[in-house]
Amino acid sequence: MAAPNAAAAAIPLAEEFPPSTCALEDVYQPEVLAFQKQRYAKLTAAFVARFGANPDFYARSPGRVNLIGEHIDYCGFSVLPMAIDRDFVIAVKVVPTEASSAAKVSLANTDSRFPERSFEHEYEGHVTIDASLHEWSNYFKCGYKGVFEQVALGESGAGPVPVSFHAMVDGTVPPGAGVSSSSAFVCCSALATLHANGGALKKGSLITAAVKGEQHAGVSCGGMDQSISIMAPVGSPLIIHFTPSLSADRIVFPRSEDSPVFVIANTLVVAEKHVTAPIHYNLRVVETRLAAAILNKHMGGPAPASGSPLLTLRDLQDLYLKTHGGEFAGNEQKVLQALATLVDAGLPNRTGYTREEAAAALDVSVADLEARYVGSITIRADTFQLHGRAKHVFEEASRVFQFRDVCEKKAPYTGNLLEDLGRLMDASQTSCRELFDCSCPEIDELATIARRSGALGSRLTGAGWGGCTVSLVAEKDVPAFIATVKEQYYYKRWPQWRGDADAEKKLEDVIFASKPGGGAAVVTKF
């Protein structure tokens, strides 16, 4: 959905309340509206068959894909995700609470793989969540618990007595595909619980409820997934900022000859995080910490006080501006490119720093380095690749703002929206592969096939080392693009899938297209 004005305006989306509507047209793009109407009708019929009455309302919250800005959020830099049209919908009916009983939630799912569950409200802790269990209802409980914890802070008009309600869940966000299915479920549960209990939280507070709620399932999350799922405007990606506090700016695609569509394709390579984290994700966190500390010293920054918070690479942006003057706003590309250039002098060793070399660069002992910068994080590494990691972070952070500027028809805009955005996505993939080393052969192959099949740009999305790619494709080319990628990647690896109706159905969750979708909403009827 394009708009004539391409300006990416800073809108206080966190201060808005989640919308309530009686029209699915307010929630979904026209291309998926017919499917969604049929889906809601089927959900309603299933709800009536199970609970004997129509639902009072529906809560929905979408999955997401990060378009650009990989592995920079935990360094403090902004990212640029969009909501997808795949979402969770929860149909809800409030029912009387039995006399002398606690409020009860009866939970069903349209997918028969997930058995019915129920639980009662607990006045101490609201609900018990056993994070050691791989149990689907835990994610509903996370949203439920997060809302009541937030309400307890006095931010809502929700009454002091929780209500009983029936809830039926229907999800189209494929699990394990790197599009944040669990966070979408928690956000949807939080909104359903809030509305059922007559509460009112602004989007920012609802995000907080969802983030804290999901942590009860043992998931450490920074807020990007919940922010885009709750705040996304229909048709617009968002730049999510984490500093000085969580906020978002809308990105609006300008009118162009071809409308941009993003195709998510799963490599079907799964990185077992508990096995690979010490050499992948955990190690990158430590490497960016060390890079920030050494660069801070190179730039003449203050020595860290004992017990002070660890510096992030984003902190060096503030140090640079303090030293050189000027404002970041309006000069993002210039400042971030200057920081990327500083990496060459500040981290000259491109083959990797041993613990001894990193400690010497910081004038600390190896023991002190381990205690401060590694701490309780489990890693396995002989050397730290600090130059490449820092270079990627600064340049990738710049690409986020370049993406925004292209949409505003500013440099590096050349006049062709899709080609300009595609070049940025390709550059991101190259950096992820060569500097941050978070790609894998299957991602590289799938991205190459995507470009050969008509994508303007293609890159990994999510943590990497497996998972998904996201490709920018002109809307008119999407059907042919998906058919070609199926032939050249999926059928090549799994030839038995060709012509198999069940396999073809499953492939709809493996490779699919989406325009930027809208965020969480309550639908009162449709």
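Observations regarding the overall build of the chain
- On a plain count of helices and strands, the chain comes out with 16 helices and 13 strands.
- Scaling as 2.2 N^0.38, a compact globule of 526 residues should have a C-alpha radius of gyration of about 24 Å, and the chain matches this with 24 Å.
- In terms of overall dimensions, the chain has a C-alpha envelope of 70 × 55 × 45 Å along the principal axes.
- Looking at the chain residue by residue over its 526 residues, the buried ones come to 55%.
- Sequence separation of 24 or more characterises 74% of the internal contacts of the chain that already satisfy a separation of 6 or more.
- Accessible surface, the chain: about 21,600 Å² in total, of which carbon and sulfur atoms supply 53%.
- One finds the centroid of the 49 positive side-chain charges in the chain at a distance of 2 Å from the centroid of its 59 negative side-chain charges.

As for helix α4 (residues 203-215)
- Helix length check: α4 (13 residues) gives 18 Å between terminal C-alpha atoms against 18 Å at 1.5 Å per residue, within 8%.
- Counting buried residues along α4, ten of its 13 residues qualify, which places the element largely inside the surrounding structure.
- Residues K203, G204, S205, L206, I207, A209, A210, V211, G213 and E214 constitute the buried set of α4.
- Where α4 is buried, its residues touch α2 (137-151), α3 (181-196) and α5 (224-231).

What about the pattern of salt bridges?
- The full count for this structure, using the stated rule, is 37 salt bridges.
- With its nearest N and O atoms 3.8 Å apart, the salt bridge here joins E287 to R284. Of the two residues, E287 and R284 both sit in helix α7 (residues 281-298), three residues apart, roughly one turn of that helix.
- Note on R284: relative accessible area 2%, which makes it buried.

Details of the sheet that holds strand β12 (residues 511-514)
- If you trace the four strands from one edge of the open sheet to the other, you get β10-β11-β9-β12, paired in antiparallel fashion. Edge strands, defined here as strands with exactly one partner in the open sheet, are β10 (457-461) and β12. Across the sheet, the axes of successive neighbouring strands diverge by a mean angle of 25°, strand direction being ignored.
- As defined by bridge partners, β10 adjoins strand β11 (residues 468-474) across five bridges and the pair is classed as antiparallel. Its bridge partner lying in β11, R459 is registered against V470.

Some words on the sheet that holds strand β2 (residues 57-68)
- An order of β1-β13-β2-β3-β6-β4-β5 is seen for the seven strands of this open sheet, with the pairing classed as mixed. At either margin of the open sheet sits one strand with a lone partner, and together these are β1 (20-21) and β5 (117-120).
- Across four bridges, strand β4 (residues 104-109) lies against β5 in antiparallel orientation. In the sheet register, L107 faces β5, and the bridge partner there is R117.
- Where α3 meets the sheet, it contacts β2, β3 (80-95), β6 (164-171) and β13 (521-523), and its direction lies at approximately 150° from that of β2.

Considering the packing of α7 against helix α12 (residues 386-407)
- The interhelical angle for the contact between α7 and α12, taken along N-to-C directions, is 90°, at an axis separation of 9 Å. Here α7 lies roughly perpendicular to α12, going by the angle between them. From α7, R284, E287, T288, L290, A291, I294 and L295 reach across to α12, where they touch L386, R389, A390, V393 and F394.
- Split into classes, the residues belonging to the contact of α7 with α12 amount to eight nonpolar, one polar and three charged.

What about the packing of aromatic side chains?
- Within this structure, the stated rule accounts for 19 aromatic pairs.
- With a centroid separation of 5.8 Å and 45° between ring planes, the pair formed by F114 and W136 is classed as tilted. With F114 in the loop between β4 and β5 and W136 in the loop between β5 and α2, this pair connects stretches of sequence that are 22 residues apart.
- Take F114: its relative accessible area is 31%, and that puts it in the partly exposed class.
- Pairwise contacts between aromatic rings join F119, F140, Y144, F148 and F165 into one cluster.
- Cation over ring: R86 sits above F512, and NZ or CZ is 4.2 Å from the ring centre.
- Taking the ring centre of F436 as reference, the NZ or CZ of R389 above it sits at 5.9 Å.

Thoughts on helix α11 (residues 366-374)
- Buried within α11 are the following residues: L369, Y373 and V374. The buried residues of α11 all sit within an arc of 80° when viewed along its axis, so they share a single face. Across from the buried face of α11, at angles greater than 90 degrees, the exposed residues are A367 and A371.
- Tucked into the core, α11 has its buried residues touching α7 and α10 (355-362).
- Backbone geometry just after α11 places G375 at a positive phi near 60°.

Regarding unusual backbone geometry
- Residue P244 follows T243 across a cis peptide bond; omega there is 0°.
- Note on placement: P244 falls in the loop between β7 (238-241) and β8 (247-250).
- With an omega of 15°, the peptide bond between A411 and P412 qualifies as cis.
- Structurally, the position occupied by P412 is in the loop between α12 and α13 (417-434).
- The backbone phi angle of H126 is positive, close to 75°, even though this residue is not glycine.
- Inspection of the secondary structure assignment puts H126 in the loop between β5 and α2.
- Even without being glycine, L268 reaches a positive phi, approximately 65°.
- Along the polypeptide, L268 turns up in the loop between β9 (260-266) and α6 (273-276).
- Owing to a relative accessible area of 33%, L268 belongs among the partly exposed residues under this scheme.

About the cut-offs
For every chain, the first residue of the written sequence is number 1, and numbering continues from 1 along that sequence. Residues qualify for local features only when their pLDDT is at least 70, as the model is predicted, and side-chain atom pairs are given and counted only at 80 or more; totals for whole chains, interfaces and linings, by contrast, use all residues. Think of the side-chain values as coming from all heavy atoms in the structure, minus any hydrogens and water. By definition, any uninterrupted DSSP run of H or I lasting at least four residues is a helix, any uninterrupted run of E lasting at least two residues is a strand, and each is numbered from the N terminus. Restricting the calculation to C-alpha atoms gives the radius of gyration, and the globule rule supplies 2.2 Å times the number of residues raised to the power 0.38. For every residue, the accessible area (1.4 Å probe, protein chains only) is compared with the maximum for its type, and the residue is labelled buried under 20%, exposed over 50%, or partly exposed between those bounds. We call two residues in contact when some of their heavy atoms are within 4.5 Å. Per-residue and other accessible areas were derived by the Shrake-Rupley procedure at a 1.4 Å probe size, with only the shown protein chains allowed to occlude residues. Charged residues are defined here as Lys and Arg on the positive side and Asp and Glu on the negative side; His and the ends of the chain fall outside this count. Note on charges: their place is set at NZ of Lys, CZ of Arg, CG of Asp or CD of Glu. Take the residue count of a helix, subtract one, and multiply by 1.5 Å to get its expected span. What makes a salt bridge here is a side-chain nitrogen of Lys or Arg within 4 Å of a carboxyl oxygen of Asp or Glu, nothing more. Should DSSP find at least two bridges between two strands, the strands are regarded as paired. Axis definition: a line fit to C-alpha positions, over the contact stretch in the case of helices; interaxial angles, taken between N-to-C directions, run 0 to 180 degrees. Each angle gets one of four labels, with under 35 degrees taken as roughly parallel, over 145 as roughly antiparallel, 65 to 115 as roughly perpendicular, and the rest as oblique. Any residue outside Ala, Val, Leu, Ile, Met, Phe, Trp, Tyr, Cys, Pro, Asp, Glu, Lys and Arg is labelled polar, Gly included; the first ten of those are nonpolar and the last four are charged. Stacked, edge-to-face and tilted labels apply to pairs of Phe, Tyr and Trp rings (six-membered ring for Trp) whose centres lie within 6.5 Å, assigned for plane angles under 30 degrees, over 60, and everything in between, in that order. Definition used: whenever NZ (Lys) or CZ (Arg) falls within 6 Å of the ring centre and also within 35 degrees of the ring normal, the charge is taken to sit over that ring. The directions considered for the arc are those from the helix axis to the C-beta atoms.

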